[in-house]
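# Structural overview for review
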Amino acid sequence: MAEAGQIPRNIQTQRRADHRVALAVCESYEPNLVRRALARVLEPLGGWEAPLPPAPARILVKPNLLAEFPPERQVTTHPVVLRVVLEALLEHGFSVIVGDSPAGSSRVLERVWRTSGLGAVCEELGVEIVGFETAGHVHFRGRNRFGEAVQIARPVVEADAVVNLPKLKTHSLTLLTCAVKNLYGYVPGMRKTQFHRLAVNPLDFGEIVADCYAARPPALSIVDAVTAMQGDGPASGAPHAFGRLAAGANAAALDHVLAGLIGLRAAELPVERACRRWGLFDPRRISVIGDATPVKGDFTIPATAWRMKLPSSLSRYLAGLVRLYPGIDEAVCVRCGACARACPNEAVSRRDGAYRIDYGRCILCLCCHEVCPVRAVELTGNLPVRLWRGLKRLKRRLFDRKAPTKPSAGTV
């Protein structure tokens, strides 16, 4: 796989990729239920053999390992989903590695794998964990408006194929984080924070994420949507019993379908807008197989959705007038320092025994909100934001149905 000149060819590959999206009911993380659901979503896609090169090809499995969260918080890919996928790949004779680059400092990387339960699965199955932070990287020429190259971890480039294992969640900056957004984890370590500092506006950040996708599209994406996350994700939202696995060869097409099922419009999604503009998928070619029942009335979208309702030509200017910013609840904060380690602009520091935000330095990337393990970082804003959130709460109270209960976690 070549360096800078590779992206255009990958765009052509994804434009031609199979646009079928398969969904299967899976109401809990009981391993046998997950195995049956996995078989159902793979069957119409041609099984493992159609999207992947012949065994014993080296397959990189890329879960969602956002930060140090246990499985019951539903922030990371559930360990049962990882286990079932790894077992199937090994049974088919593939050489398998697992890799990711969670947010924040590499000093806590081992603890993140352990807390999420994903590290134990890899250890038990004898699958190597590859740390993107220390494995080197390759630069790829991007299409983002800044002209910035993206740095992709070398194991991503050197694998014969990537199997993407995202979690279906809302996201306070991009509204949706799923198959395409999970590939932002290709960028190793603190380099991700550099892009957050550069691309503060959601539209700009969406282009950075689309660049990562174009640099190395996964051969197959399998979405853990058994229990999704709604509200102010990707870490501080609430669980939602979506009750499905979903899979597809084209990650952007897969996201398009799932976004519609939870009530997000394509025009509001900055990552999808970049993917469509660059020809990474064609919505007209999508075909859906399986249970595509919408859950729109039951799914709470992020309070930040107002950002993408602004006219695109004015959004960068208007977004600066309507401010949404993080705040730390000292009564909830456990002084772990995750927010300070994740901040790309060093706006969070410990003073007088508590962590505080310097709003003069804050660039509103919401990284601190993403990584807080105890939901101590809350999202607030100026008057227009508070009015918007108040109206959304009133609408849910008066018109929306109660969200379904969380399914059982199953066993690892």
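Computed from a predicted structure; not experimentally measured. (Residues numbered from 1 in each chain as written. Predicted model: local features only at pLDDT ≥ 70, side-chain atom pairs only at ≥ 80, totals over all residues. Heavy atoms only, no water.)

Here we take up the overall build of the chain. On a plain count of helices and strands, the chain comes out with 15 helices and 17 strands. Residues classed as buried in the chain amount to 59% of the 412 residues present. The contacts of the chain with a sequence gap of at least 6 include a subset with a gap of at least 24, amounting to 78%. When the accessible surface of the chain is totalled, it reaches about 15900 Å², and 51% of it is carbon and sulfur. (Helix = DSSP H or I, 4+ residues; strand = E, 2+ residues; numbered from the N terminus. Buried < 20%, exposed > 50% of the residue type's maximum accessible area, 1.4 Å probe, protein only. Contact = heavy atoms within 4.5 Å. Areas by Shrake-Rupley, 256 points an atom, 1.4 Å probe, with all protein chains shown as cover.)

Attention now goes to the packing of helix 8 (residues 202–215) against helix 10 (residues 270–277). For the pair helix 8 and helix 10, the least separation of the axes is 7 Å and the interaxial angle reads 55°. Classified by the interaxial angle, the pair formed by helix 8 and helix 10 is oblique. Read as a crossing pair, helix 8 and helix 10 show a hand that is right-handed. Across from Pro-202, Leu-203, Gly-206, Glu-207, Val-209, Ala-210 and Tyr-213 in helix 8, the residues of helix 10 making contact are Pro-270, Val-271, Arg-273, Ala-274, Cys-275 and Arg-277. Counted by class, the contact of helix 8 with helix 10 contains 9 nonpolar, 1 polar and 3 charged residues. (Axes fitted to C-alpha atoms, helices over the stretch in contact; angles between N-to-C directions. Parallel < 35°, antiparallel > 145°, perpendicular 65-115°, else oblique. Left-handed = near helix turned anticlockwise from the far one by under 90°. Nonpolar A, V, L, I, M, F, W, Y, C, P; charged D, E, K, R; others polar.)

Moving on, we come to the pairing of strand 3 (residues 95–100). With 5 of 6 residues buried, strand 3 lies mostly within the body of the structure. One ladder, built from 4 bridges, connects strand 3 with strand 4 (residues 128–131); its direction is parallel. Paired with Val-98 across the two strands is Ile-129, which belongs to strand 4. (Pairing = 2+ DSSP bridges.)

Bringing unusual backbone geometry into the picture now. Here Ala-55 and Pro-56 are connected by a cis peptide whose omega angle stands at 10°. Note on placement: Pro-56 falls in the loop between helix 2 (31–42) and strand 2 (58–63). The linkage connecting Gly-233 with the following residue, Pro-234, adopts the cis geometry, with an omega of 15°. Structurally, Pro-234 can be placed in the loop between strand 10 (220–230) and strand 11 (238–240). Of note, Leu-175 is a non-glycine position whose phi angle comes to about 70°, a positive value. One non-glycine residue, Glu-346, adopts positive backbone phi at about 55°. Relative to the assigned elements, Glu-346 resides in the loop between helix 13 (338–342) and strand 15 (348–351).

In this structure, Leu-168, Phe-242, Leu-258 and Cys-275 are the most contacted members of the largest nonpolar core, which totals 63 residues. Residue contacts for Cys-275: discarding those within four places in its chain leaves Val-180, Ala-210, Tyr-213, Ala-252, Leu-280 and Phe-281. Within the second largest apolar cluster, 44 residues are counted, among which are Tyr-29, Val-80, Leu-89 and Trp-113. (Core = buried A, V, L, I, M, F, W, Y, C linked by side-chain atoms within 4.5 Å.)

Under the criterion given, the structure shown has 15 salt bridges. Two residues, Arg-35 and Glu-87, come together in a salt bridge whose shortest N-O distance is 3.2 Å. In this pair, Arg-35 sits in helix 2 while Glu-87 sits in helix 3 (residues 79–91), placing the two residues 52 residues apart along the sequence. (Salt bridge = Lys/Arg side-chain N within 4 Å of Asp/Glu carboxyl O.)

Let us now look at the confidence of the model for the chain. Keep in mind that low pLDDT regions are not for reading the predicted coordinates in detail. A residue-level look at the chain finds 83% of positions with pLDDT of 70 or above and a mean pLDDT of 85. Predicted confidence for residues 1–8 stays below pLDDT 50, and this span has 21 contacts to residues more than four positions away or in other chains. Low pLDDT, under 50, characterises residues 401–412; the predicted model gives this stretch 33 contacts beyond four residues in sequence or across chains. (pLDDT = per-residue confidence, 0-100.)

In this section: helix 10. Those residues of helix 10 that sit buried are Pro-270, Val-271, Glu-272, Ala-274 and Cys-275. Once helix 10 ends, the next one or two residues include Gly-279, with phi positive near 75°.

A separate point is a nonpolar patch on the surface. Together, Val-332, Val-334 and Val-374 make up a nonpolar patch on the protein surface, roughly 200 Å² of accessible area in all. Tracing the backbone through its elements, the reader meets Val-334 in the loop between strand 14 (324–328) and helix 13. (Patch = residues over 30% accessible without salt bridge, like charges linked within 9 Å, V, L, I, M, F, W, Y side chains within 5 Å.)

In the sheet, strand 15 pairs with strand 16 (residues 354–357) via 4 bridges, with the strands oriented antiparallel. Each bridged residue has a counterpart across the sheet, and for Arg-350 the counterpart in strand 16 is Tyr-355. In sequence, strand 15 turns back onto strand 16 through a hairpin of 2 residues, with Asp-352 there showing a positive phi of about 55°.

Once that is clear, we can look at the environment of Phe-281. One can find Phe-281 in the loop between helix 10 and strand 13 (287–290). Once you skip the residues sitting within four places of it in the chain, Phe-281 turns out to touch His-19, Asn-250, Ala-252, Ala-253, His-256, Glu-272, Cys-275, Arg-276 and Ile-286.

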